[in-house]
Amino acid sequence: MRVLLTVVFLAIIFSLLILVDLFPLKYYDIVVQYAGDLDPLLVISVIRAESSFRTSAKSNVGAYGLMQLMPETAEWINRKFKTNFDYTTVEGNIALGCKYLNYLMEKDGDLRTALVHYNTGPYASDDIKTDAGGRYVRKVLTFYRIYRFLYRR
């Protein structure tokens, strides 16, 4: 019985170590600095979903960086909030992504809608919002649950 408990315990520890490796807290200090009203673990979940922590990730439609910002969106955020962040840098991308997600949360009033709009843009068709947006929300919220499980203090 003792051997079985030891094996189970080691399997749990090994599984947690793998999860921690798959769900790192990269850029956490920067995220905390710019998260505003957002839970930093939510922002980390968005980064994980958007770019898998690849700083120079670029989508086929032109979104760039950790938080996959469109250049036009980054420019709009800088104008709206009177900032001057460079979306091509790690800090600037995170700062602008956090500002935008905070803005969407305030405007939309709930997390799911804000995440759909973050992913598809607020003016996408209802079909795109339902299909791609729905998949994106499920992905981010799954990552968010994992991050909260692993790192909630």
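Quick caveat, the model's predicted, so the values are computed rather than measured.

Definitions and cut-offs
Residues numbered from 1 in each chain as written. Predicted model: local features only at pLDDT ≥ 70, side-chain atom pairs only at ≥ 80, totals over all residues. Heavy atoms only, no water. Buried < 20%, exposed > 50% of the residue type's maximum accessible area, 1.4 Å probe, protein only. Helix = DSSP H or I, 4+ residues; strand = E, 2+ residues; numbered from the N terminus. Contact = heavy atoms within 4.5 Å. Polar contact = N/O pair within 3.5 Å; in protein donor to acceptor, adjacent residues only side chain to side chain. Core = buried A, V, L, I, M, F, W, Y, C linked by side-chain atoms within 4.5 Å. Axes fitted to C-alpha atoms, helices over the stretch in contact; angles between N-to-C directions. Parallel < 35°, antiparallel > 145°, perpendicular 65-115°, else oblique. Left-handed = near helix turned anticlockwise from the far one by under 90°.

S.K.: Help me understand helix α6 (residues 111–120) in this model?
M.R.: Residues that lie three or four places apart on an α-helix share one face, since the helix turns once every 3.6 residues. Those residues of α6 lying buried are A114, L115, V116, H117, Y118 and T120. Along its buried surface, α6 packs onto α3 (40–51), α5 (90–108) and α7 (126–151). Of the residues that open α6, the one with a side-chain oxygen 3.3 Å from the backbone nitrogen of R112 is D110. Where α6 ends, the next residue or the one after it, G121, has phi of about 90°, a positive value.

S.K.: What's the story with the nonpolar core in this structure? I'm lost.
M.R.: Note on soluble globular proteins: their nonpolar side chains tend to be buried together. Of all hydrophobic cores here, the largest spans 38 residues; its most connected members are V43, V46, I47, L115 and Y118. Among the elements of the structure, α2 (28–34), α3, α4 (71–80), α5, α6 and α7 are those that each provide at least two residues to this core.

S.K.: Just checking my understanding: could you explain the environment of Y147 for this structure?
M.R.: When you line up the elements, Y147 lands in helix α7. Y147 sits in the buried class, given a relative accessible area of 0%. Remark: the alpha-carbon pair of Y147 and F23, spanning 124 residues in sequence, is separated by 6.9 Å. Residues contacting Y147, with those up to four places away along its chain left out, are F23, P24, L25, L41, I44, S45, R48, F53 and R152. Engagement of the side chain of Y147 in a polar contact is seen with the backbone oxygen of P24, the distance being 2.7 Å.

S.K.: Help me understand the packing of α4 against α5, please; the structure alone is not making it clear to me.
M.R.: Helix packing geometry: the angle between the two helix axes and the distance between the axes. Following both chains from N to C, one finds α4 and α5 inclined at 75°, their axes separated by 10 Å at the closest point. The angle between the axes of α4 and α5 places the two elements in the roughly perpendicular class. Residue-level inspection shows T73, A74, W76, I77, N78 and K80 of α4 in contact with α5, the latter providing L96, K99, Y100 and Y103.

S.K.: Please explain the packing of α3 against α7 as it appears in this structure.
M.R.: Between α3 and α7, whose axes approach to 8 Å, the crossing angle comes to 130°. Taken together, α3 and α7 sit at an angle that is classed as oblique. Helix-helix and strand crossings are classified by hand; for α3 and α7 the assignment is right-handed. Contacts between α3 and α7 involve L41, L42, I44, S45, V46, R48, A49 and E50 from the former and Y136, K139, V140, F143, Y144, Y147, R148 and Y151 from the latter.

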